[in-house]
Each structure stands twice: as C-alpha cells, then as structure tokens.
Amino acid sequence: MYKQQLAQLLDQIPYRVHVIIQDYRTNESLIEKNTQSVFSSASVIKVPILMAVLHHLEKTNGQLSQVVPITSDNVVDFSVLTEQKQKTATLHELLLWMIITSDNTATNMCIDFIGIETLNYYFQQIGLKSTSVQRKMMDFERQQKGFDNVTTARDMQHLFHQIYAGKLLAHEWNEVALNILLRQRSHESLKRYLVDDVKIAHKTGGLDTVDHDVGIVFTEQVDYFIGVFLTEVTDNEKARQYIGQISKIAYAHFQRDRGN
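Residues numbered from 1 in each chain as written. Predicted model: local features only at pLDDT ≥ 70, side-chain atom pairs only at ≥ 80, totals over all residues. Heavy atoms only, no water.

### Brief notes about the packing of aromatic side chains
For step 1, the next point in the chain: Within the structure shown, the criterion is met by 7 aromatic pairs.
For step 2, the next point in the chain: Their ring planes at 20 degrees and their centres at 4.3 Å tell us that Tyr24 and Tyr164 sit as a pair that is stacked. Taken together, the positions of Tyr24 in the loop between β1 (16-23) and β2 (29-33) and Tyr164 in helix α8 (residues 153-165) put the pair 140 residues apart, joining distant regions of the chain.
For step 3, the next point in the chain: When its relative accessible area of 9% is taken as the criterion, Tyr24 is described as buried.
For step 4, the next point in the chain: Take Tyr164: its relative accessible area is 30%, and that puts it in the partly exposed class.
For step 5, the next point in the chain: Consider the rings of Tyr164 and Phe218, whose centres lie 6.3 Å apart with planes at 40 degrees: the pair is tilted. In this pair, Tyr164 is assigned in helix α8 and Phe218 in strand β8 (residues 210-218), connecting sequence segments 54 residues apart.
For step 6, the next point in the chain: Sitting over the ring of Phe218, Lys199 keeps its end group 5.4 Å from the ring centre. (Phe/Tyr/Trp six-rings, centres within 6.5 Å; stacked < 30°, edge-to-face > 60°. Helix = DSSP H or I, 4+ residues; strand = E, 2+ residues; numbered from the N terminus. Buried < 20%, exposed > 50% of the residue type's maximum accessible area, 1.4 Å probe, protein only. Lys NZ or Arg CZ within 6 Å of the ring centre and 35° of its normal.)

This is the structure we're talking about:
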C-alpha cells in the first residue's frame, strides 16, 4: 500500500526526484529512483566534510577543543558566527554550527582546515564515487564558472550507512558525528508532517533550484535511511512540502506493525 502511495506521489511531483529509502533491519530499499544522477549537493555536502574533519582529528590525535582564528576571507552571510562577529571558534563549534544551522562561515573554515584536495581524496577513499567539493559556500562567482559541489543519492545512502554502522571512525568519534546530526535545527522537510517526536540524524540542503533532506530515522520498530533530493525546483516551499509528504508515507510504512 505504502509503496503504491509513494509511487503515485513521485509521479505527481513536477521536479526531478532522486530518492532512496532503506530499511536498516533488512538493508532492503522501500523505493529507489534516480540514484546515480549527479546533482548540486547544496548543504548536504557538509556531512562528508564533517566526517573528513573528524577523521583527520582521529588520525592526528587532534582535539575538538582546538581554537582556530576565523579568517576574513571565509566570513559570509547566513552564518551564526558572522552574526556574532566571532573572531575565533573551537573545531567543535565549527562542526556544530556547520550542521545544525548550516553555517556557511563555519563550513568555509572547515574546508580550509582540511583542504579541498584532501577532502575529495577522503570522499573517494570512503566510497563516495560522485561526491566532490569544487567551491566554498556562497562562492557564486566560481559556481557560475561551472564549479559546484556535487553528490548523488547513492553516495549519500552509502555515507549514512557507514555512519550508522560505525565503519568510518572509532566509536567515540562516530558518536560525535551522530550527536551533531541529531541536533539539526532545520525541520521543514523530513520532519514537516511527522506528529511523533522522532529522532532523525539528518542534514538539509537548498539552493534556488534544489531542495534536499537526508538522514537516519530512529524508531522503536526500525532504523531507516531516507534521502530525498529534488532538483529542477521552481518553488522551494513546495519542494519542502513534497519531501515532507514522502517522509510521512515512509514513516507510516515503517510504523505499520506497531501495536500488533
């Protein structure tokens, strides 16, 4: 029933839909569509950046409490750090703000901390075949020249499954990643129509023509992956509503045996 509902909804959406919903009990997919197509990642690129920074700290015996100066060339709009006129921040602050409020100044600092070449090498090493960083946040000049941050639904599925299974980092570092993702403050998409107080470790992403939300939903019945990525978008608010509708049907599917 729910698969049919999902299929009907996807047919109605006027944008290009890239989606994977995977049951972590069985590793079977509830639905998959356009999984290999490369698209602009928007801010979901911040999840592999998060993992790359934590990996670097783990390998170098680094500290989340390390304080770094916020360089002027990395200061951009849409940033909690910029609003506060912070001159320094700990690495933990940078990672936290990068994910939970999608802070672009924090993200640019993280990109500089690791380096674009090292980031992309790490992405390849962990099996993200089509994910890359080609520009900093808010660098629209570089974007207009054809350089963009990109990924695929399949890459995001692979990344989150490795996070869920704890395969990328030692346990304590992986817990840092999950705890940050669970503190996400943007709930206009996957959580939009969920009445229950659901735990989701996730990240949103949006530009004028794309809207994404991807992560792990934790329930008593089952933990599952859901990644919904809409491209060729003409109305961002409507796009987030569609993501919410997809998420609601998926949640109902996984909760269908509750109470039996």
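Picking up after the structure, the text goes on.
### Overview of the pairing of β1
For step 1, the next point in the chain: Of all 8 residues in β1, 7 are buried, a share of seventy percent or more.
For step 2, the next point in the chain: Relative to strand β9 (residues 223-231), β1 runs antiparallel, the two sharing 8 bridges. Looking at the pairing, Val17 lines up with Leu230 of β9.
For step 3, the next point in the chain: As judged from the 4 bridges shared by β1 and β2, these two strands associate in the antiparallel manner. The partner of Ile21 across the bridge, within β2, is Ile31. (Pairing = 2+ DSSP bridges.)

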